[in-house]
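Take a look at the letters that make up each chain.
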Amino acid sequence: MQNVHAHVWDQHLHFEPTTVREADISRGHPIDISVRMEQLRADMLPFERVIVFGMKARLTGYWVPDDYVAESVRQLPGKLVGFAGCDPTQPEYLEELRYGLESLHLAGVKMGPIYAGFDPRDERCAPVYEYCQRNGYPIMMHSGTTYNSKAPLGLSRPWLWDEVAIRYPDLRIVLAHVGHPFCDECLVVIRKHPHLYADISALYYRPWQFYNMLIAAQEYKVTHKLLFGTDYPFAKASESIEGLEQVNRMLEGTALPRVTATTIEEILHRDSFTLLGIQ
């Protein structure tokens, strides 16, 4: 199995105090979302390879240096594959990006429009897209909602990436979290474009939404575009795997359609790294 969505960061070093407090909203109680390497190592045991990244988003108080991500990768060589962060609202963002990819040898890019406050169609993104398309780097894009109060929800709608995909037909993009709660919107966007995918990270703990998304994906015939991810530390590996495997459990005694065993197994065992062009 492969995991395309996990985080590495220290909330005391990389988050503003307000950002730390707002993380509690995600669970309804105080949580510490710092990632400790031994705990990460244990949680990632089911996976052969894992994509990890931080976040660069000044607007909402996240700033994880690429050096930190690269150092985390060095602690679990062969298991972790790091992505560089990019906030195009900040000065020298292109120089930072080239440093992360060319000097630190990170394998892709993580961007969070809703967190950093930019439209993914913004012209400031164009040099990033052109560079990544030219050099074969995939981009992981946060799509869908979040709990941060300063994050503009309008910048998270999956349909925004339709225009990006049309302009950059060879740029591999993953829309994280299937754009929840705008999942149907995300599915129709990835259906249109061969180079767009979505990951299912952090959806299993909303089982009704998760189920409906998977049924819609079957009906739109785009289950082959869904990649497995966990969103660690927000979601653990064992819970994420079980949540997918048991997605039909709540349907007992009903005539509702089932997520097929084939859909479940193919998502769990998909070779996402090859799809994203990662060696």
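Residues numbered from 1 in each chain as written. Predicted model: local features only at pLDDT ≥ 70, side-chain atom pairs only at ≥ 80, totals over all residues. Heavy atoms only, no water.

A closer look at the packing of aromatic side chains
Overall, the coordinates contain twelve aromatic pairs when judged by the stated rule. Relative to Tyr62, the ring of Phe15 lies with its centre 5.0 Å away and its plane at 75°, an arrangement referred to as edge-to-face. With Phe15 in the loop between α1 (11–14) and α2 (17–23) and Tyr62 in strand β4 (residues 62–63), this residue pair connects regions lying 47 residues apart in the sequence. Judged by relative accessible area, which is 7%, Phe15 ranks as buried. Measuring from centroid to centroid gives 5.9 Å for Tyr131 and Tyr137, while their planes differ by 15°, and the two rings are stacked. Accessibility classification places Tyr131 together with Tyr137 in one group, the buried group. Taken together, the ring pairs in this structure connect Trp9, Phe15, Tyr62, Tyr115, Tyr147 and Phe234 into an aromatic cluster. The residue whose ring lies beneath Arg58 is Trp63, and the NZ or CZ to ring-centre distance is 3.9 Å. Stacked on the ring of Phe182, the Lys or Arg Arg157 has its end atom at 4.0 Å from the ring centre. (Phe/Tyr/Trp six-rings, centres within 6.5 Å; stacked < 30°, edge-to-face > 60°. Helix = DSSP H or I, 4+ residues; strand = E, 2+ residues; numbered from the N terminus. Buried < 20%, exposed > 50% of the residue type's maximum accessible area, 1.4 Å probe, protein only. Lys NZ or Arg CZ within 6 Å of the ring centre and 35° of its normal.)

Here we look at the packing of helix α9 (residues 183–192) against helix α10 (residues 207–220)
One can describe the packing of α9 onto α10 by two numbers: an axis separation of 10 Å at closest approach and a directional angle of 30°. The orientation of α9 with respect to α10, classified from their angle, is roughly parallel. Every pair of crossing elements has a handedness; the one defined by α9 and α10 is right-handed. Along its contact with α9, which presents Cys183, Asp184, Leu187, Val188 and Arg191, the element α10 presents Gln209, Met213, Ala216, Ala217 and Tyr220. Looking at side-chain class alone, the contact of α9 with α10 contains seven nonpolar, one polar and two charged residues. (Axes fitted to C-alpha atoms, helices over the stretch in contact; angles between N-to-C directions. Parallel < 35°, antiparallel > 145°, perpendicular 65-115°, else oblique. Left-handed = near helix turned anticlockwise from the far one by under 90°. Contact = heavy atoms within 4.5 Å. Nonpolar A, V, L, I, M, F, W, Y, C, P; charged D, E, K, R; others polar.)

Quick look at helix α5 (residues 93–103)
For α5, the full list of buried residues reads Tyr93, Leu94, Leu97, Gly100 and Leu101. Considered in projection along α5, the buried side chains sweep an arc of 125° and stay on one side of the axis. Looking at the packing, one finds that the buried side of α5 touches α4 (66–75), β5 (80–85), β6 (108–111) and α7 (126–135). Downstream of α5 by a residue or two, His105 has a phi angle that is positive, lying close to 60°. (Arc of directions from axis to C-beta.)

Some thoughts on the nonpolar core
Counting 88 residues, the largest nonpolar core has Met111, Met213 and Leu226 as its most contacted members. If you tally residues by element for this core, the top one is α10, at seven residues. Not counting residues up to four positions away in its chain, the partners in contact with Met213 are Val178, Cys183, Leu187, Ile200, Leu203 and Leu226. Residues Phe83, Tyr197, Phe273 and Leu276 belong to the second largest nonpolar core, which totals 13 residues. (Core = buried A, V, L, I, M, F, W, Y, C linked by side-chain atoms within 4.5 Å.)

Focus on helix α11 (residues 237–245)
By the burial criterion, the buried members of α11 are Ala237, Ser240, Ile241, Gly243 and Leu244. Looking down the long axis of α11, one finds its buried residues gathered within 160° of arc, a one-sided arrangement. Summarising the contacts, the buried residues of α11 are in contact with α3 (37–43), α10 and α12 (261–268).

A few points about the packing of α11 against α12
Running from N to C, α11 and α12 cross one another at 155°; their axes reach a closest spacing of 9 Å. Judged by the inter-axis angle, α11 sits roughly antiparallel to α12. Of α12, the residues touching α11 (which contributes Ile241, Leu244 and Glu245) are Ile264, Ile267 and Leu268. Here the residues of the contact of α11 with α12 sort into five nonpolar, no polar and one charged.

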